[in-house]
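Remarks on the overall topology
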Amino acid sequence: MRRGIALGVCLVGLTGGVARAQDTPLDEPMRLGRGEWHGPYFLLGLGVEGYTGKLAPNLDPGPSYGVVVGYRPNDYLGVELGYSGGTSNLSITGDASFGNPDIVRNGGQAALTLGLTPARIQPYVLGGIGFEQYSVRSGMFFEFINDTGGYAPVGAGVRFKINPHLTAEVRGSYSFLFGQDFSPVPDKGAGEGRYTGLLMLGGSY
């Protein structure tokens, strides 16, 4: 009887050990150089943004920030919704009597991302469309006014899988502005836009 019980315990331990040996460790894809990027994800970002063309002399580069929630059906394609914001000081005059007016931007965007490799370090490109609001803080100065408008961001980045759930990204983008009525600069055209660079941290599931 005792021998039978001992034999049964040994068999259970043996089969359990075999099953554990056959299980794939959670971090095995990363140890093999793969990232397994599919699934839902979110990102928090902080960086800098500035303007180009005729807008650049009047708007200083300033802080930028954003939140992204997205989903990848596979290791390459991603669909995401995001909030982005930023602040730029108006550099019109050095007269302290005018105070320190600035433009605060808040917007939302939808974008597609395309990964270029399924590796743990994955470069990618993105494109999308967005809508944003500009608000002048400290009053209306030099004909800068509150305004709303659209934009089309395009960009590229590199993402890195720190562990199976934690990711880090460096992302740069350029936004083509559909309108710049918040600024009094005359004869604005296609050369006016906004560049953004963000360091982003987040998770995937």
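Everything below is about the structure printed above this text.
Definitions and cut-offs
Every residue gets a number counted from 1 within its own chain, in the order that chain's sequence is written. It should be noted that, the model being predicted, local features are given only for residues of pLDDT at least 70 and side-chain atom pairs only at 80 or more, the latter also being counted only at that level, while totals for whole chains, interfaces and linings use all residues. Hydrogen atoms and water are omitted, and side-chain values are computed over all heavy atoms in the structure. The helix and strand labels rest on DSSP assignments: H or I over at least four residues marks a helix, E over at least two residues marks a strand, and numbering proceeds from the N terminus. Buried means the residue's accessible area, taken with a 1.4 Å probe over protein chains only, is under 20% of the maximum for its type, while exposed means over 50%, and partly exposed covers the values in between. Reported accessibility uses the Shrake-Rupley method at a 1.4 Å probe radius. Residues are deemed covered only where the shown protein chains occlude them. Two strands pair under a simple rule: DSSP has to find at least two bridges between them. Here the nonpolar core consists of buried residues drawn from Ala, Val, Leu, Ile, Met, Phe, Trp, Tyr and Cys, with membership extended through side-chain atoms lying within 4.5 Å. Note on contacts: a residue pair qualifies if any of its non-hydrogen atoms lie within 4.5 Å across the two residues. Lining residues are defined by having an atom within 4 Å of a point belonging to a cavity or pocket. Those points lie on a 1 Å grid over the protein atoms alone, cavities being sets where a 1.4 Å probe fits but cannot get out and pockets being open sets with protein on both sides within 12 Å along at least five of seven lines. Grid points are joined across faces, edges and corners, and a volume is the space filled by probe spheres set on the points. His is not counted, nor are the chain ends; Lys and Arg add positive charge and Asp and Glu add negative charge. The working definition used for a salt bridge is a side-chain nitrogen of Lys or Arg within 4 Å of a carboxyl oxygen of Asp or Glu. Polar contact criterion, stated in full: a pair of N or O atoms within 3.5 Å, where within protein one must be able to donate a hydrogen and the other to accept it, and residues adjacent in sequence count only if both atoms are side-chain atoms. By definition, no residue in a patch forms a salt bridge, and every one has over 30% relative accessible area; like charges are joined within 9 Å, nonpolar side chains (Val, Leu, Ile, Met, Phe, Trp, Tyr) within 5 Å. All axes here are fitted lines through C-alpha atoms, helices being fitted over the stretch that makes contact, and every angle between N-to-C directions spans 0 to 180 degrees.

**Quick notes on the overall build of the chain**
- Secondary structure summary: the chain contains two helices and eight strands in total.
- Starting at the N terminus and ending at the C terminus, the chain contains elements arranged as α-α-β-β-β-β-β-β-β-β.
- When burial is assessed residue by residue, the chain has 39% of its 205 residues classed as buried.
- Of the roughly 10,900 Å² that the chain leaves accessible, carbon and sulfur atoms contribute 66%.

**A closer look at the pairing of strand 4 (residues 102-115)**
- The pairing of strand 3 (residues 77-89) with strand 4 spans 13 bridges and is classified as antiparallel. Across the sheet, residue Asn 89 finds its bridge partner in strand 4, namely Asp 102.
- Alignment of strand 4 against strand 5 (residues 121-137), held across 14 bridges, turns out to be antiparallel. Paired with Ile 103 across the bridge in strand 5 is Val 136.

**Re the nonpolar core**
- By size, the foremost hydrophobic cluster in this structure holds eleven residues: Tyr 51, Leu 55, Leu 59, Leu 90, Ile 103, Tyr 134, Val 136, Phe 144, Tyr 151, Leu 177 and Phe 182.
- If near-sequence neighbours (up to four positions away) are discounted, Tyr 51 is found in contact with Ala 56, Leu 59, Ser 88, Arg 105, Tyr 134, Leu 177, Phe 182, Gly 193, Arg 194 and Tyr 195.
- In terms of nonpolar packing, the next biggest core, distinct from the first, is built from five residues, Tyr 41, Leu 43, Val 68 and Leu 198 among them.

**Let's talk about empty space enclosed by the protein**
- In total, this model carries one cavity of 30 Å³ or more according to the counting rule given.
- Here the largest cavity is characterised by a volume of approximately 220 Å³.
- Ser 84, Gln 109, Ser 173, Thr 196 and Leu 198 are, among the 20 residues lining the largest cavity, the residues nearest its centre.
- Mapped by element, the contributors of at least two residues to the lining of the largest cavity are strand 2 (62-72), strand 3, strand 4, strand 6 (147-161), strand 7 (166-177) and strand 8 (193-204).

**Some details on the side chain of Glu 192**
- Inspection of the secondary structure puts Glu 192 in the loop between strand 7 and strand 8.
- Buried Glu 192, no salt bridge; nearest opposite-charge side chain is Lys 54, N-O distance 6.1 Å.
- A polar contact of 2.7 Å, which involves the side chain of Glu 192, links it to the backbone nitrogen of Lys 54.

**Observations concerning a nonpolar patch on the surface**
- On the surface, a nonpolar cluster with roughly 590 Å² of combined accessible area is contributed by Tyr 76, Leu 77, Val 79, Leu 112, Leu 114, Leu 116 and Val 125.
- Elements that contribute at least two residues to the nonpolar patch include exactly strand 3 and strand 4.
- Topologically, Val 79 is positioned in strand 3.

**Notes on the pairing of strand 2**
- Relative to strand 2, strand 1 (residues 39-51) runs antiparallel, the two sharing eleven bridges. Note that in strand 2 the partner of Leu 43 across the bridge is Val 68.
- Alignment of strand 2 against strand 3, held across eight bridges, turns out to be antiparallel. In the strand pairing of strand 3, Ser 64 is matched with Gly 86.
- In this structure, the hairpin formed by strand 2 and strand 3 is closed by a connection of four residues.

**Describing the sheet that holds strand 3**
- Read around the closed barrel, the eight strands follow the order 1-2-3-4-5-6-7-8; overall the barrel is antiparallel. For this sheet the average axis-to-axis angle between neighbouring strands, irrespective of direction, equals 25°.
- As judged from the eleven bridges shared by strand 1 and strand 8, these two strands associate in the antiparallel manner. Note on strand 8: the bridge partner recorded for Leu 44 is Leu 201.

**Notes on the pattern of salt bridges**
- Under the criterion given, the structure shown has six salt bridges.
- Between Arg 194 and Glu 132 there is a salt bridge, with its nearest N and O atoms 2.9 Å apart. Of this pair, Arg 194 sits in strand 8 while Glu 132 is found in strand 5, placing the two residues 62 residues apart along the sequence. Glu 132 shares its class with Arg 194; the two are buried.
- Note that Arg 171 and Glu 169 form a salt bridge whose closest N and O atoms lie 3.4 Å from each other. Each of the two residues, Arg 171 as well as Glu 169, counts as buried.

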